[in-house]
Amino acid sequence: MNAPAAGASAAIEKPLSRADYEDFLYNEAALLDEWRMDEWFALFLEGAIYEVPCAGAPDNADSSEDLFYISDNYFRLGHRVARMNKESHHSEFPHSSVTRMIGNVRVLGADQSGVSVGCTFVTHRSKNDVLSVYCGHHRYVLRAVEGRIRIVSKRTFLDLNSLRPQGRVSIIV
Amino acid sequence: MQGLHASESPTRFAPMILDDRDKGIFRVARTAFIDEDVLLRERDRIFNRCWLYLGHESEIAEPNDFITRNVGGKELIFNRDRKGEPHAFFNTCPHRGALVERRPKGNAISFKCFYHGWAFNNNGAFATRMSPGDYPEDFNSDGCANLTRVAKLQGYRGFYFVNFDPGAMSLDDYLADAKGILDIVADHGPRGMEIVGSEQKYSIRANWKLLVENSIDGYHAVDTHATYFDYLSEAIGGPAALSKRSFVWNLSGGHSSIEGEAPWGRPVARWIPAWGEAAKAEVDDIRAELESRVGAERADRIARMGRNTAIFPNLIINDIMAITIRTFYPLEPNLMNVSAWALGVKGESRGFRKRRLDNFLEFLGPGGFATPDDLEALEAAQRGYAAHREAAWNDISRGMKRERFVSTDEEQMRCFWREWSRRMEDAQ
Ligand code: FES
Ligand SMILES: [Fe+2]
């Protein structure tokens, strides 16, 4: 597992109910749909990672060996979020219209780093009169910290064979 | 003054560039980016006649390895036969045309078409037993049932190219002074270079020539990529300014390169404090090995300087904070498919490979801090060209009268356009 030491303790994280994770994921999607990027970033624990391998990559893709689209540590993710808020982020200025559907939420396991949660998604992005569709599955490692669910790692797998015609991942898919 | 005036009724292929060296004015007609007939002519005169990048030797490292790839709009197989000899075939069955190999890569001693089952050795030879009477006795005596070979396949320092024109000049002559840049890139590592992992396959709703320009455009960096430089200055803990001292190389044949020093770290081999002391020792070792192999002066150029290179017509090799190889092909005047790869040093440590990939991703590719903004710029330009009747010309004059060009000039693009225009406008 790629999860860093963020928030790790010796004990195995105790899973919450699926409904708890569903609520969390729907809320996360809403923050992104509404471009509330700072609040979205606040879901991540310090030291967390965010990765998007190339379209069609397997779940065990490793950003130390393979070329991804995105492989952010916490520092770079912070800058990605800051960039999302800038007018000089030309690709997302004016902001594209985005909407996310989350489904097939499953609790996949738990270890010391957190609870593994998976879901599928369809994200629609509309900009410059062009509609792009991104579909795939997310893999999270989540931890409950002081009563709130936080992200230790988020990996987004695009179940596409290429980024044609989407062209870019300048949003958080 | 030469060139097509906007109000003249255009003879279809009247000159599309205006190149006034006395006045220092260079312009490109915007119809060059939107006209269907221009694209048809490009297919004929450029993509069917120039050497086109096919792949890197590391992608077919072992005997019987293959990759399939679309090059110049055609589906190809690039493979090694049992003896390790490289081949390039059209990936189309001689029977009735289906792709004979549909996987992106693999290892195979033969290819079998799934449609009616024709099979071929990996040297292209037809290898199917037919019942007597199905075909004439001497069927395939003319080779009609073998895979069709691409007219020319040649490599230089591990970079393989194809040419669809049997009469084409040699790759060596074609590459001209661009060989010097390929030498520099190939010399990064003692055991050679390799493609690292996946291909980034994406598309841009813009004319392909805009990506040539953009990939070697030192002028746009500060404006288009402001958010990247915001990030970089924090990542390196200091000001992230591009060096004022830079070079522009006309590599002839329409190839060109810009070279200069930049604030980012380079895996080979420019350390920055943000990488930490352990990495410094590793970078020092890489640098020392490089010096012992290629000499101090050349090692300094390889390690300290970065370079953006365009090899005519559609190959970009940018050796900057990481190395990317990028090629693209127009499906329509306003749509191109792009393929991009990371090139790394063979045998580098896992930690260093990670650093190389991090460097790549901070700037390059569909999720980088820079490339998406390039796409937006190209697509914005393409939309602007709809008004080509009223706003007819692009200006590419910057620095034209300067004695020594710098990378924020546009001479490197003029090198491309002069070759483009020579090929498009020559009576043939
Ligand atoms: S098309 Fe390949 S066997 Fe018929
Ligand atoms: Fe750029």
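This section reports on the structure supplied with the text. Owing to the predicted nature of the structure, the values given are computational and were not obtained by experimental measurement. (Residues numbered from 1 in each chain as written. Chains lettered and ligands numbered in written order. Predicted model: local features only at pLDDT ≥ 70, side-chain atom pairs only at ≥ 80, totals over all residues. Heavy atoms only, no water.)

Details of the environment of E101 of chain B
Residue and element names in this part refer to chain B.
Consideration 1: Its place among the elements puts E101 in the loop between β6 (86-90) and β7 (105-107).
Consideration 2: It is 7.3 Å that separates the C-alpha atoms of E101 and T68, two residues lying 33 residues apart in sequence.
Consideration 3: Each residue touching E101, except ones within four places of it in the same chain, is listed here: F66, T68, I77, N91 and F111.
Consideration 4: Polar contacts involving the side chain of E101 include one to the side chain of R103, which spans 2.8 Å. (Helix = DSSP H or I, 4+ residues; strand = E, 2+ residues; numbered from the N terminus. Contact = heavy atoms within 4.5 Å. Polar contact = N/O pair within 3.5 Å; in protein donor to acceptor, adjacent residues only side chain to side chain.)

Here we look at unusual backbone geometry
All names here are of chain A.
Consideration 1: In this model, F93 is joined to P94 through a cis peptide bond whose omega is -15°.
Consideration 2: When you line up the elements, P94 lands in the loop between α3 (74-84) and β3 (97-111).
Consideration 3: A cis amide bond, omega 10°, links R164 with the succeeding residue P165.
Consideration 4: Following the sequence through the fold, P165 ends up in the segment after β6 (148-158).
Consideration 5: Look at D129: it is not a glycine, yet its phi comes out positive at around 65°.
Consideration 6: For D129, the location among the structural elements is in the loop between β4 (114-127) and β5 (130-145).

Remarks on the sheet that holds β6 of chain B
Residues and elements named next belong to chain B.
Consideration 1: With respect to topology, four strands assemble into an open sheet ordered β6-β5-β4-β7, the strand pairing being antiparallel. Each having just a single partner strand, β6 and β7 make up the two edges of the open sheet. When the angles between neighbouring strand axes are averaged without regard to direction, this sheet yields 25°.
Consideration 2: Bridge count for strand β4 (residues 65-71) against strand β5 (residues 74-80) is six bridges, and the pairing is antiparallel. Bridge pairing in β5 links V71 to K74. (Pairing = 2+ DSSP bridges. Axes fitted to C-alpha atoms, helices over the stretch in contact; angles between N-to-C directions.)

As for the interface of chain B and chain A
One frequently used descriptor of interface size is the decrease in accessible area upon assembly of the parts.
Consideration 1: If you look at the interface, chain B gives 40 residues, while chain A gives 36 residues.
Consideration 2: For the pairing of chain B and chain A, the buried interface totals around 3400 Å² over both sides, and the portion due to carbon and sulfur atoms is 50%.
Consideration 3: Ranking the residues of chain B by area buried against chain A places K201, F369 and E376 of chain B at the top, with a combined share of 17%.
Consideration 4: If you look at where chain B meets chain A, you find eight salt bridges.
Consideration 5: The partner of D62 of chain A in a salt bridge is R350 of chain B, with the nearest N and O atoms 2.8 Å apart.
Consideration 6: Our count for the chain B to chain A interface comes out at 29 residue pairs in polar contact (both at pLDDT 80 or more).
Consideration 7: Only β13 (200-204), α5 (221-224), α6 (226-236), β19 (335-345), α9 (350-363) and α10 (371-384) of chain B provide two or more residues apiece to the side of chain B that touches chain A.
Consideration 8: Top element by residues in the side of chain B that touches chain A is α9 of chain B. It accounts for eight residues. (Buried area = accessible area lost by both parts, 1.4 Å probe. Salt bridge = Lys/Arg side-chain N within 4 Å of Asp/Glu carboxyl O.)

A look at the pairing of strand β17 (residues 315-319) of chain B
All names here are of chain B.
Consideration 1: Of all five residues making up β17, five are buried, and the element is well covered by its neighbours.
Consideration 2: On β17, burial covers both faces: L315, I317 and D319 on one face and I316 and N318 on the other are all buried.
Consideration 3: Taking the residues between adjacent antiparallel strands as the criterion, strand β16 (residues 305-311) and β17 are bridged by three residues.
Consideration 4: Relative to strand β18 (residues 323-332), β17 runs antiparallel, the two sharing five bridges. Within β18, the residue paired with I317 across the bridge is I325.
Consideration 5: The hairpin turn running from β17 into β18, its antiparallel successor, is three residues long. (Buried < 20%, exposed > 50% of the residue type's maximum accessible area, 1.4 Å probe, protein only.)

Observations concerning helix α1 (residues 36-47) of chain B
Residues and elements named next belong to chain B.
Consideration 1: All buried positions along α1 are accounted for by V38, L39, R41, E42, R45, I46 and F47. Taken end-on, α1 shows its buried residues confined to a sector of 165°, consistent with a single buried face. Exposed side of α1, more than 90 degrees from the buried face: E36 and L40 are the residues found there.
Consideration 2: On its buried face, α1 is in contact with β3 (52-56), α4 (208-215), β18 and α11 (411-425). (Arc of directions from axis to C-beta.)

A closer look at the coordination of the iron ion (ligand 2)
All names here are of chain B.
Consideration 1: The coordination sphere of the iron ion (ligand 2), as far as protein atoms go, consists of H220 (NE2), H225 (NE2), D374 (OD) and D374 (OD), spread over 2.1 to 2.4 Å.
Consideration 2: If you look at the iron ion (ligand 2), its four donor atoms make angles of 57 to 147° with each other, and the shape they trace is irregular.
Consideration 3: Positions of the donor residues of the iron ion (ligand 2) along the chain correspond to the pattern H-x4-H-x148-D. You can see H225 sitting in the loop between α5 and α6 and its partner D374 sitting in helix α10, a full 149 residues away along the chain. As far as the burial class goes, H225 and D374 line up, both buried. (Donors = N, O, S within 2.8 Å, 3.2 Å for Na, K, Ca; no water. Tetrahedral: all angles 85-135°; square planar, octahedral: opposite > 155°, others 65-115°.)

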